[in-house]
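# What the coordinates show
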Amino acid sequence: MPRLHRALALIGLLLLTQSAAAEKLRLVADLWPPFTDATLINGGLATDIVSTALARAGYASDFEQVPWARALLGVGEGRYDVLVNAWYTEERTKLGQFSGEYLLNRVRFLKRKDAPIEFNNLQQLHTYPIAVVRGYAYSPAFDEDASLQKVPVHSFAMAVRMVAADRVKLTLEDEYVARYYLSRESAKVRNSVEFLPKPLSENSLHILVSLKNPQHEQIVAGFDREIAEMKADGSYERLMKEHGM
């Protein structure tokens, strides 16, 4: 009889495991190309990396794109299981469990290739007009430096064209975002600008798994494990190249 009980318990455990694996995780993110964008291949770079790692860990998933506030609220309420593109904040740990870093966002300055500009500290840039996108937060130090000559514009595309035309000396953007938009610019613009080596700031990108999902610890553990495996077996690098990074 004990053997029968053990066998039934094992079967029950297997059925539960299969049921959990068969249930699709609800992935969510806002529009943030090239990381998350429903019009891009597999939902964008970040969505592709995340869904691939989760699939390798045994979790099927669906992706939905909504405004940021709705995505964050939905994770907190359990309507979504996984926020694809989250920077770490203490406040967000009340909503979900963070994974380890799977991408690194680096905000970098761009200048004309023929401009002799160096950046080691913000004081060096006080004499240069810098195109900034209205409403963007770049870094606390940059945002609060009143001595910087900030020229507000509507978009990064406008900012980088102004740099290329020598109407301003610098602009700045997340490196992957900048590369994405530069690939859509004319060769004249694209070939006349370059990144300064030193980044202004760095932020690690994580998934945030809703605490309302009872499997949140297992999901994060499986995701972190598979990201490490993807980096080791070359599949992570292949995804980066497929997205033009």
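These lines cover the structure that appears in this document, whether it is placed above or below. The shown structure was predicted, so the numbers you read here are calculated from the model rather than taken from an experiment.

## As for the overall build of the protein chain
Counting secondary structure elements, the protein chain contains 9 helices and 10 strands. Residues counted as buried form 46% of the 245 residues belonging to the protein chain. When contacts within the protein chain are restricted to residue pairs at least 6 apart in sequence, long-range pairs at least 24 apart make up 71% of them. Of the accessible surface of the protein chain, which amounts to about 12,800 Å², a share of 54% is contributed by carbon and sulfur atoms. Treating the 29 positive side-chain charges of the protein chain as one cloud and the 30 negative ones as another, the clouds have centres 3 Å apart.

## Topic: the pairing of strand 8 (residues 170–174)
Taking burial as the measure, the 5 residues of strand 8 include 5 buried ones, the bulk of the element. Two elements, strand 5 (residues 103–112) and strand 8, share 5 bridges in a ladder whose sense is antiparallel. Within strand 8, the position partnered with Lys111 by the bridge is Leu170. Judged from the 2 bridges that link them, strand 6 (residues 129–133) and strand 8 form a sheet pairing that is parallel. Within the sheet, the bridge partner assigned to Ile130 lies in strand 8 and is Leu170.

## Looking at the packing of aromatic side chains
Inspection of the entire model under this criterion finds 11 aromatic pairs. In this arrangement the basic side chain of Lys231 is found over the ring face of Tyr236, its NZ or CZ atom lying 5.1 Å from the centre.

## Some remarks on the environment of Phe109
Looking at the secondary structure, you find Phe109 in strand 5. Spatially, the C-alpha atom of Phe109 lies 8.9 Å from that of Asp174, the residues being 65 residues apart in sequence.

## Quick notes on the nonpolar core
Residues Phe109, Leu125, Ile130, Phe142, Leu172 and Leu200 are the most contacted members of the largest nonpolar core, which totals 32 residues. In terms of residues, this core owes the most to one element, helix 5 (residues 156–164), which gives 6 residues. In contact with Leu172, other than residues within four places in its own chain, are Val107, Arg108, Phe109, Leu110, Ile130, Ala131, Val132, Tyr138, Phe142, Phe156 and Leu200. Listed in part, the 29 residues of the second largest apolar core include Ala46, Leu54, Tyr102 and Val220.

## Quick notes on the side chain of Arg92
Take Arg92: it is sitting in the loop between strand 3 (82–87) and strand 4 (96–98). The buried charged residue Arg92 lacks any salt bridge, with Glu91 as its nearest oppositely charged partner at 9.0 Å. Setting aside chain neighbours within four positions, we find Arg92 in contact with Trp68, Leu72, Ala86, Trp87, Phe98 and Leu208.

## Considering the pattern of salt bridges
Under the defined criterion, the tally for this structure stands at 14 salt bridges. Arg179 serves as the salt-bridge partner of Glu175, at 2.9 Å between the closest nitrogen and oxygen. On the criterion of helical spacing, the pair formed by Glu175 and Arg179 is a turn pair, its members being 4 residues apart in helix 6 (residues 175–182). Assessed through its relative accessible area of 12%, Glu175 is described here as buried. By relative accessible area, which is 38% here, Arg179 ends up partly exposed.

## Digging into the side chain of Glu226
Along the chain, Glu226 falls in helix 8 (residues 216–233). The class for Glu226 is buried, based on a relative accessible area of 10%.

## Let's talk about unusual backbone geometry
In this model, Pro33 is joined to Pro34 through a cis peptide bond whose omega is 5°. Along the chain, Pro34 turns up in the loop between strand 1 (25–29) and helix 2 (45–56). Backbone geometry places Asn42, a non-glycine residue, at a positive phi of 50°. Assignment of secondary structure puts Asn42 in the loop between strand 1 and helix 2. For Asp166, which is not glycine, the phi dihedral falls at a positive 65°. Mapped onto the elements of the fold, Asp166 is located in the loop between helix 5 and strand 8.

Quick notes on the rules
Residues numbered from 1 in each chain as written. Predicted model: local features only at pLDDT ≥ 70, side-chain atom pairs only at ≥ 80, totals over all residues. Heavy atoms only, no water. Helix = DSSP H or I, 4+ residues; strand = E, 2+ residues; numbered from the N terminus. Buried < 20%, exposed > 50% of the residue type's maximum accessible area, 1.4 Å probe, protein only. Contact = heavy atoms within 4.5 Å. Areas by Shrake-Rupley, 256 points an atom, 1.4 Å probe, with all protein chains shown as cover. Lys, Arg positive; Asp, Glu negative; His and termini not counted. Charge placed at Lys NZ, Arg CZ, Asp CG, Glu CD. Pairing = 2+ DSSP bridges. Phe/Tyr/Trp six-rings, centres within 6.5 Å; stacked < 30°, edge-to-face > 60°. Lys NZ or Arg CZ within 6 Å of the ring centre and 35° of its normal. Core = buried A, V, L, I, M, F, W, Y, C linked by side-chain atoms within 4.5 Å. Salt bridge = Lys/Arg side-chain N within 4 Å of Asp/Glu carboxyl O.

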